[in-house]
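Coordinates in review
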Amino acid sequence: MANTKILVTGGAGFIGGNFVQYMVNKYPSVEVYNLDLLTYAGDLTKHREIENKGNYHFIKADITDRETIIPLFEKELFDYVVHFAAESHVDRSITDPEVFVRTNVLGTQVLLDASKKIGLKKFVHVSTDEVYGELDFDPTTFFTETTPLQPNSPYSASKASSDMIVRAYHKTFGLPINITRCSNNYGPFHFPEKLIPLTISRVLNEEKVPVYGDGGNIRDWLHVLDHCAAIDLVLHEGINGEVYNVGGHNERTNLEVVKTIIKTLGKSEELIEFVKDRLGHDKRYAIDPTKLEQLGWKPTYTFESGIAQTIDWYLDNKWWWEQIISGEYQKYFVKQYSL
Ligand code: NAD
Ligand code: DAU
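All figures in this text were calculated on a predicted structure; none of them were measured in a lab.

Turning our attention to the nonpolar core. The nonpolar side chains of soluble globular proteins are, as a tendency, buried together. If you look at the biggest cluster of nonpolar residues, it comprises 34 residues, and the most contacted ones within it are Leu7, Leu35, Ile59, Ile69, Phe73, Phe78 and Phe123. Secondary structure elements with two or more residues in this core: β2 (31-36), α2 (66-76), α4 (98-117), α5 (154-173) and β6 (177-182). Excluding its chain neighbours within four sequence positions, the residues that come into contact with Phe73 are Leu7, Phe78, Val81, Leu111, Ala114, Ser115 and Ile118. With 27 residues, the next largest nonpolar core counts Leu265, Leu271, Ile307 and Ile324 among its residues.

Written out as structure tokens, the structure is:
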């Protein structure tokens, strides 16, 4: 892969940020370009250990800005695009859906137009299991790559729309693509508006942890580094045009997750506060990862080892999340509670 140029969109966010670090360190001879608008969810302090490495480059840009994106691609002639940039939080999509459609749908299409112009080797579109909708609580049912798309939130609907645009550019224009659909990630640099980092930061600060509804909704958790390894594999080995589900069979109710964190930190379950349920709250997600396993992927973390590592990381890296939960962020939570 020497002299190869990879553009990673959304590389200042949670998963994109972990992926940028993974690629910069794993492939020193590959030029990694992190393109990010630095919205509320993006920050560059997470990259202080790689920012001076010669193969890391940052571009501040908006993926919906065609006048910037097309000339950039024509100038840099990227070999690969791994597309993470998105509005990613379901609750925000309930209060402000418009930006989700603009960024997730239009932004993806602008990137596809730019990719089409330069003879890209592959466009990897990082999607989500939420495009499949929800499962009921029957533990024998799973999302496969052929499960119909039935998104329920404005967020998941915008992601499903972007999946369809990516598929169309492959079928119509022959653009080489893969789509990955992963379950819930957790790990270092997870923005503390999402369940796991929110719970860790609140429990450490002895603050109430809001659990939506009765806490019985189920998510299928995967450590972010296992997701990064999956994307790396799909980038190199994925069959052109194919979709790959990513997940490690780690289903937990939200209440189990919250109680595990409270117990690990030696705090009281009285910190749990049951609050009004999320509108349209999907009951259960569960991934069948067989197709990706057949390509050669298997996760390295169990939920137990991954959550222990993650809690340790938050204890050791208060400098990162404390700067984020101060100020503007607190106001946002008042808004979220009043849904
Ligand atoms: P995130 O919200 O932490 O990061 C998103 C990043 O995109 C931020 O750095 C933000 O600044 C950037 N961004 C937003 N709008 C932009 C724009 N218009 N132009 C350029 N950059 C922009 O998100 P995440 O949790 O890391 O998720 C990354 C991707 O993975 C998303 O596409 C999401 O749908 C998908 N995904 C997430 C999960 C999960 O559990 N978090 C699971 C499966 C798939
Ligand atoms: O499944 C993949 C998806 O996982 C990604 O596509 C999304 O980008 C990502 O945000 C995540 O979506 P969820 O809605 O599942 O994640 P979140 O952390 O917001 O919520 C997880 C569960 O916890 C969900 O059932 C809602 C619940 N919850 C969440 C928050 C923030 C609470 O009970 N309390 C909370 O405060």
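There is more to say after this.
This part takes up the site of ligand 1. Taken together, 29 residues sit near ligand 1, with Ile15, Asp36, Ser88, Tyr155 and Lys159 positioned nearest. Surface burial for ligand 1 is 97%, taken as the share of its 830 Å² of free accessible area covered by protein chains. For the shell around ligand 1, the secondary-structure elements that each account for two or more residues are α1 (14-26), β5 (122-128), α5 and β7 (184-186). Here the shell around ligand 1 gets 3 residues from one element, more than from any other, and that element is β5. Looking at the shell around ligand 1 residue by residue, the class counts come to 14 nonpolar, 11 polar and 4 charged.

What follows is about the sheet that holds strand β11 (residues 251-253). If you walk across this open sheet you meet the 3 strands as β7-β9-β11, and the pairing is mixed. Of all strands in the sheet, those bounded by a partner on one side alone are β7 and β11. Across the sheet, the mean angle separating the axes of adjacent strands is 50° when strand polarity is ignored. Two strands pair when backbone bridges link them, and strand β9 (residues 218-223) and β11 are joined in this way by 3 bridges, in the antiparallel orientation. Counted as the bridge partner of Arg219 is Arg252 from β11.

Across the chain, pLDDT averages 95, with 96% of residues at or above 70. Averaged pLDDT values for the elements of the chain fall to 51 in helix α12 (residues 328-337) and rise to 99 in β6.

Mapping Glu145 onto the fold places it in the loop between β5 and α5. In this structure, Glu145 is buried with no salt-bridge partner, the nearest side chain bearing the opposite charge being Lys291 at 5.2 Å. At 2.8 Å, the side chain of Glu145 forms a polar contact with the backbone nitrogen of Asn245. In this view, Glu145 contacts Tyr132, Arg181, Val243, Tyr244, Asn245, Asp288 and Lys291; residues no more than four positions away in its chain are not counted.

So, on to the environment of Thr144. Within the secondary structure, Thr144 sits in the loop between β5 and α5. Taking C-alpha positions, Thr144 is 22 Å from Ile15, a pair spaced 129 residues apart along the chain. Residues in contact with Thr144, not counting those within four places in the same chain, are Tyr132, Asn245 and Asp288.

What counts, and at which threshold
Residues numbered from 1 in each chain as written. Chains lettered and ligands numbered in written order. Predicted model: local features only at pLDDT ≥ 70, side-chain atom pairs only at ≥ 80, totals over all residues. Heavy atoms only, no water. Core = buried A, V, L, I, M, F, W, Y, C linked by side-chain atoms within 4.5 Å. Buried < 20%, exposed > 50% of the residue type's maximum accessible area, 1.4 Å probe, protein only. Helix = DSSP H or I, 4+ residues; strand = E, 2+ residues; numbered from the N terminus. Contact = heavy atoms within 4.5 Å. Near = heavy atom within 4 Å. Areas by Shrake-Rupley, 256 points an atom, 1.4 Å probe, with all protein chains shown as cover. Nonpolar A, V, L, I, M, F, W, Y, C, P; charged D, E, K, R; others polar. Pairing = 2+ DSSP bridges. Axes fitted to C-alpha atoms, helices over the stretch in contact; angles between N-to-C directions. pLDDT = per-residue confidence, 0-100. Lys, Arg positive; Asp, Glu negative; His and termini not counted. Salt bridge = Lys/Arg side-chain N within 4 Å of Asp/Glu carboxyl O. Polar contact = N/O pair within 3.5 Å; in protein donor to acceptor, adjacent residues only side chain to side chain.

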